[in-house]
Each structure stands twice: as structure tokens, then as C-alpha cells.
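Structural overview
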Amino acid sequence: MQTWLSIEEFAKLIGKTAEEIQELCEKNKLSHKIENDKIYIEANAGAQALIPVAHTEIIDSPNGDTILEKTISTLLNLHERVLEAKDETIQTLQGENDFLKSTVLSVQEIYDEDRKTIQSLQKQLQICQEELEFCRKKYKLMWGKIIKKEAEDEWKN
């Protein structure tokens, strides 16, 4: 698929003037077409125009190969460092993730144990309340009989 840009858009894209782009078109260094009296540049084929002339002169010079090799070597080294840093970051994040998982599991276990303890304590409280109510009824009946007995003894005397 071809992408056609107007000469002004292409000039803005690569940082050159429209006149310079037009000169490149006249020299047939850029793939172009003319529609409705407007010049359109094919963006993909114009990629070579992105390299300024000064840079091509450096590459064409005798030292250009060494500069290019050093640049590529530097870029490869930087790329390797980025990959190593990425791997270290991934390992660190995996370690943190494992730690957080184990922490969540521990908290869940503690929560489950606490829930069981609460249920057990609630059952014991209910049993104690039932026993207390039974004792109240028992003593009420017992003291009620004693009070009635004393009252009857007093009437008799």
C-alpha cells in the first residue's frame, strides 16, 4: 500500500523546505505524482530523503565505515543493556508477585482461623447464656419455694 503525501506535508515530516523536496522530485530522487496541479510524494519510497546529505557524506568518507560500525556496536550494546534491565525488572516483579501471593494466602488462612475461633466463641457464649438462664429459673423456683414456706410458717405462728 502506498501512502501519498502532499509536498508540504512531506516537507514538514522530514524537516526540509518544499523547494528542496521539489528539487529532489525534479532529479527523480523521490517517487512522486502530479494530480490537479499538486505534487504528491510517496512516503515509503521517500524514506531515503530522510537521511540528510551531510550524513551520507560522513558514511561515504574513508572513516565512515568505522563510525558506522562504532555506532552500530554502541546501539547493540545499549540494546543488550536494555534487555538485561528488562529481564531483571521482570524477575524482580515476579519475586514481588510471589511474595504478595504468599502474603495474601497467609492473611486468608489467618482470616479463616479467626472466623472459626469467632464461631467457636459464639457457640460457647450461647451455651453459657443458656446455662445462666437455666440457673436463674432453677434458683427462682428454689428461692420462691423457700419464701412461700417462710411466709406460711409466719402465718402459723
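The structure presented is a predicted model; accordingly, all values stated were derived computationally and were not measured.

1. Quick word on the overall build of the chain
Looking only at helices and strands, the chain features four helices and three strands. Across the chain, contacts joining residues at least 24 apart in sequence account for 46% of those joining residues at least 6 apart.

2. Considerations on the sheet that holds strand E1 (residues 4–6)
Spatially, the three strands line up as an open sheet ordered E1-E3-E2, and their pairing is antiparallel. What marks the edges here is a single partner per strand, and that holds for E1 and strand E2 (32–35). Averaged over all pairs of adjacent strands, the angle between their axes in this sheet comes to 35°, without regard to strand direction. Against the sheet, helix H1 (residues 7–14) contacts E1 and strand E3 (38–42), and its axis sits at roughly 95° relative to E1.

3. Here's the deal with the side chain of serine 6
Residue position: serine 6 is located in strand E1. Apart from the residues lying within four places of it in its own chain, the contact partners of serine 6 are Ile39 and Tyr40.

4. Observations regarding the pattern of salt bridges
The tally for this structure, following the rule as stated, stands at three salt bridges. With a shortest N-O distance of 3.1 Å, lysine 33 and glutamate 35 are connected by a salt bridge. Accessibility expressed as a relative area gives 27% for lysine 33, which makes it partly exposed. Among the salt bridges present, the one from arginine 115 reaches aspartate 112, with a minimum N-O distance of 3.9 Å. Of this pair, arginine 115 and aspartate 112 are both found in helix H4 (residues 64–156), three residues apart, which corresponds to roughly one turn of the helix. A relative accessible area of 30% places aspartate 112 in the partly exposed class.

5. Looking at the confidence of the model for the chain
Counting all residues, the mean pLDDT for the chain is 82, and 84% of those residues have values of 70 or more. By mean pLDDT, helix H3 (residues 53–60) is the weakest element of the chain at 51, and H4 is the strongest at 89.

6. Observations concerning the packing of aromatic side chains
With the rule as written, the count across this model stands at zero aromatic pairs. The ring of tyrosine 139 has lysine 138 lying over it, and the distance from NZ or CZ to the ring centre is 6.0 Å.

7. Observations concerning a nonpolar patch on the surface
A contiguous nonpolar surface patch, about 510 Å² in accessible area, is contributed by Tyr139, Met142, Trp143, Ile146 and Ile147. Looking at the secondary structure, you find tryptophan 143 in helix H4.

8. Examining unusual backbone geometry
Of note in this structure, asparagine 36 is not a glycine but carries a positive phi near 55°. Locating asparagine 36 in the fold gives a position in the loop between E2 and E3.

9. Describing the packing of H1 against helix H2 (residues 18–26)
Two elements in contact, H1 and H2, have axes separated by 9 Å at closest approach and are oriented at 105°. Here H1 is positioned roughly perpendicular relative to H2, judged by the angle of their axes. Along the contact surface, H1 presents Ile7, Phe10, Ala11 and Ile14, while H2 presents Ala18, Ile21 and Gln22. Classifying every residue of the contact of H1 with H2 by side-chain character gives six nonpolar, one polar and no charged.

10. Digging into H1
Listing the buried residues of H1 in full gives Ile7, Phe10, Ala11 and Ile14. Burial along H1 is one-sided: seen end-on, the buried residues are contained in an arc of 100°. Exposed side of H1, more than 90 degrees from the buried face: Lys12 and Leu13 are the residues found there. Buried positions along H1 lie against E1, H2 and E3.

Scoring rules and cut-offs
Residues numbered from 1 in each chain as written. Predicted model: local features only at pLDDT ≥ 70, side-chain atom pairs only at ≥ 80, totals over all residues. Heavy atoms only, no water. Helix = DSSP H or I, 4+ residues; strand = E, 2+ residues; numbered from the N terminus. Contact = heavy atoms within 4.5 Å. Pairing = 2+ DSSP bridges. Axes fitted to C-alpha atoms, helices over the stretch in contact; angles between N-to-C directions. Salt bridge = Lys/Arg side-chain N within 4 Å of Asp/Glu carboxyl O. Buried < 20%, exposed > 50% of the residue type's maximum accessible area, 1.4 Å probe, protein only. pLDDT = per-residue confidence, 0-100. Phe/Tyr/Trp six-rings, centres within 6.5 Å; stacked < 30°, edge-to-face > 60°. Lys NZ or Arg CZ within 6 Å of the ring centre and 35° of its normal. Patch = residues over 30% accessible without salt bridge, like charges linked within 9 Å, V, L, I, M, F, W, Y side chains within 5 Å. Areas by Shrake-Rupley, 256 points an atom, 1.4 Å probe, with all protein chains shown as cover. Parallel < 35°, antiparallel > 145°, perpendicular 65-115°, else oblique. Nonpolar A, V, L, I, M, F, W, Y, C, P; charged D, E, K, R; others polar. Arc of directions from axis to C-beta.

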